[in-house]
Amino acid sequence: MKSIRKVILRSSMLGLLAVLWLCTGRVAWAASYAEVIDGTYENCSLVQSGDRIAASFTVRFQAASGNIGNSLYFMSRGLAVFFFDEKGNRKRSDGTVIVTMNGMNPTNSLTEFNSNHTYYRSNVGVAHWSNAGRFTATISAEFAASELNKWPAVGFHVSNESNLDRFYVQKGALYMAPKLGGCRLIKAGEATPPSPVTTEITVSAPDWDLGELARGKETTRTFVTDEQRLCFAYDPKFIEFDKYLISASNRNGVAESKFLLASAENGNETIPYTLSLAGGGAPVALPSINGLPLTLSKSGRTCLTPTFKAWADATLKSTDFSDVLTFTIVTQP
C-alpha cells in the first residue's frame, strides 16, 4: 500500500468570549436572591469622554411584593457597583461613582465593612428608587476611566432592599467591558470574573503524513516535534479567566465514531481513524459530539501532541488516502 500522503489540517477560530462571574461569599454580599427583574439586563452602553466613562443599562423591575422573601416591607431598589484589581479580585471604586435611576440620584451610597463593592439605595419616597411596582428603569453610572486601568470591566448587581435583607437579581450580575460590548450576564456563584477582552488565538497547523498503513490491523502514529504539533499562540494576560472547548470536523465525515480517510481514486473506499491530542489538560479524544475542555497555558503558547490510530482493511487497494480536519476553539458557556 502506498503511504497516506497527507492528513491536511485547516483551522478556524470562532468567538472567544465568555461571561461567568459573581460573588465570592456572603460576607461581601448579603447574598439572597429573587426574581427582581423580568428577563435580563438590556441596552448596555459604555461611552468614554475624556477621563470619564458613562455606563448605562435598562432593567424591567417586577413588583417587589413576592420578591423580598419573608420581609415585612420593601424599602428601596438597590444597586451594587464593583471594579477589579489586576488579579481579577473585586474591589470598591477608588473614587466617586455617580449613579442615577431614570435620572434620579439615590439618597444613600454605602461603603460597608469588609465589602468589595459600593451599594446605592434611597430612603422611602424618592422617585423610582422607592417604586415597588412594575416599571422600566434606565440605570446610569459615571466614573473615572482610571477605574478600568487594572482590569477593563465593571460590574453591576441590581437588588430589592427590604427591612431585613437585600435580594439580588437571581440570574446574576451585569458585567460590562469596553472591549466586549453588549450586556454580559455573569452567573451567581462563580469565583472568578470572565476575561474582559476577546483573546485572539493564532494557530500553527502542520500537514500530517501517516506514512504506510498496515492492512488488517491498527496503525498508530504520534507526532512529537514542534513542527509536527498543533500549536496555539495568544496574549496570556487574561487567558486563565476563560474556559475553552476544542472540537474538530472533517471533510470525509464520520462513521461509528471515527473520522474517515478517503481514497484519492475511489471516494467510497475509506479508512477509519481517530485522533487524540495531549498537552492541553486531559487528553482530547476526537471525534466527539461535543467540544472537549482545553487548557491554554499561561505562557502564551500551547502545543498539542497528536496521536492517530487508523484501521486499514486487508482488502483495500494500494493508493493515497487523505482527509481535511478543521479545529474550532470556543469559550465555554
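About the thresholds
- Residues numbered from 1 in each chain as written.
- Predicted model: local features only at pLDDT ≥ 70, side-chain atom pairs only at ≥ 80, totals over all residues.
- Heavy atoms only, no water.
- Phe/Tyr/Trp six-rings, centres within 6.5 Å; stacked < 30°, edge-to-face > 60°.
- Helix = DSSP H or I, 4+ residues; strand = E, 2+ residues; numbered from the N terminus.
- Buried < 20%, exposed > 50% of the residue type's maximum accessible area, 1.4 Å probe, protein only.
- Lys NZ or Arg CZ within 6 Å of the ring centre and 35° of its normal.
- Disulfide = S-S within 2.5 Å.
- Salt bridge = Lys/Arg side-chain N within 4 Å of Asp/Glu carboxyl O.
- Core = buried A, V, L, I, M, F, W, Y, C linked by side-chain atoms within 4.5 Å.
- Contact = heavy atoms within 4.5 Å.

Now for the packing of aromatic side chains. How two aromatic rings sit relative to each other is set out by the distance from centre to centre and by the angle between their planes. Following the criterion strictly, the structure yields 14 aromatic pairs and no others. Ring centres of Phe-83 and Phe-143 lie 5.1 Å apart, and the angle between their planes is 70°; on these two criteria the pair is classed as edge-to-face. In this pair, Phe-83 sits in strand β5 (residues 74–84) while Phe-143 sits in strand β10 (residues 135–144), placing the two residues 60 residues apart along the sequence. Summarising the burial analysis for this pair, Phe-83 and Phe-143 share the class buried. Here the aromatic rings of Phe-84 and Tyr-175 are separated by 5.8 Å at their centres, their planes lie at 70°, and the arrangement is edge-to-face. Taken together, the positions of Phe-84 in strand β5 and Tyr-175 in strand β13 (residues 173–176) put the pair 91 residues apart, joining distant regions of the chain. Across this residue pair, the class does not change: Phe-84 and Tyr-175 are buried. Put simply, the rings of Phe-82, Phe-84, Trp-151, Tyr-175, Phe-238 and Phe-241 touch in pairs and so form one group of aromatic residues. A cation sits over an aromatic face here: Arg-166 above Tyr-119, 3.6 Å from the ring centre. Taking the ring centre of Trp-311 as reference, the NZ or CZ of Lys-258 above it sits at 5.1 Å.

Next up on the list: the state of the cysteines. Counted by the stated rule, this structure contains two disulfides. Two residues, Cys-44 and Cys-183, share a disulfide whose sulfurs are 1.9 Å apart. Negative torsions about the S-S bond denote left-handed disulfides, and the value of about 115° found for Cys-44 with Cys-183 makes this one right-handed. Taken as a pair, Cys-44 in strand β3 (residues 37–49) and Cys-183 in the loop between β13 and β14 (184–186) lie far apart in primary sequence, 139 residues in all. The exposure class of Cys-44 is buried, given its relative accessible area of 17%. Bridging Cys-231 to Cys-303, the disulfide has an S-S length of 2.1 Å. As the torsion about the S-S bond is roughly 115°, the Cys-231-Cys-303 disulfide counts as right-handed.

What follows covers the pattern of salt bridges. For the coordinates displayed, the defined rule picks out 11 salt bridges. The salt bridge partner of Asp-38 is Arg-134, with a shortest N-O separation of 2.4 Å. With Asp-38 in strand β3 and Arg-134 in the loop between β9 (118–121) and β10, this pair connects stretches of sequence that are 96 residues apart. In this structure Arg-134 comes out as exposed when scored by relative accessible area, which is 55%. Here Arg-121 makes a salt bridge to Glu-161, at a shortest N to O gap of 2.4 Å. Note that Arg-121 is positioned in strand β9 and Glu-161 in strand β11 (residues 154–162), a separation of 40 residues in sequence. Among the ionic contacts, a cluster of salt bridges with common partners joins Lys-91, Asp-94 and Glu-147.

We now examine the nonpolar core. With 36 residues, the main nonpolar core has Phe-57, Val-59, Phe-61, Val-81, Phe-156 and Val-158 as its most contacted residues. At the level of secondary structure, the elements contributing two or more residues to this core comprise β3, β4 (52–61), β5, β7 (98–101), β10, β11, β12 (166–169) and β13. Ignoring sequence-local partners within four residues, the contact set of Val-81 consists of Val-97, Val-99, His-117, Thr-118, Tyr-120, Val-154, Gly-155 and Phe-156. Among the nonpolar cores identified, the runner-up in size contains 31 residues, and Leu-277, Leu-286, Leu-304 and Ala-312 belong to it.

Here the amide bond leading from Leu-286 into Pro-287 is cis, since omega sits at 5°, within 30 degrees of zero. One can find Pro-287 in the loop between β22 (284–286) and β23 (292–294). Located in the positive-phi region is Asn-102, a residue other than glycine, with phi close to 50°. In this structure, Asn-102 sits in the loop between β7 and β8 (108–110).

Here we come to the environment of Pro-287. Considered as a pair, Pro-287 and Ala-248 are 39 residues apart in the sequence and their alpha carbons are 6.6 Å apart. Ignoring any residue separated from it by four or fewer positions in sequence, one finds Pro-287 in contact with Val-254, Ser-257, Lys-258 and Phe-259.

Our focus in this paragraph is the side chain of Thr-100. For Thr-100, the location among the structural elements is in strand β7. For Thr-100, a relative accessible area of 16% translates into the label buried. Those residues within four positions of Thr-100 in sequence are excluded, and the remaining contacts are Asn-105, Trp-129, Thr-138, Ile-139 and Ser-140.

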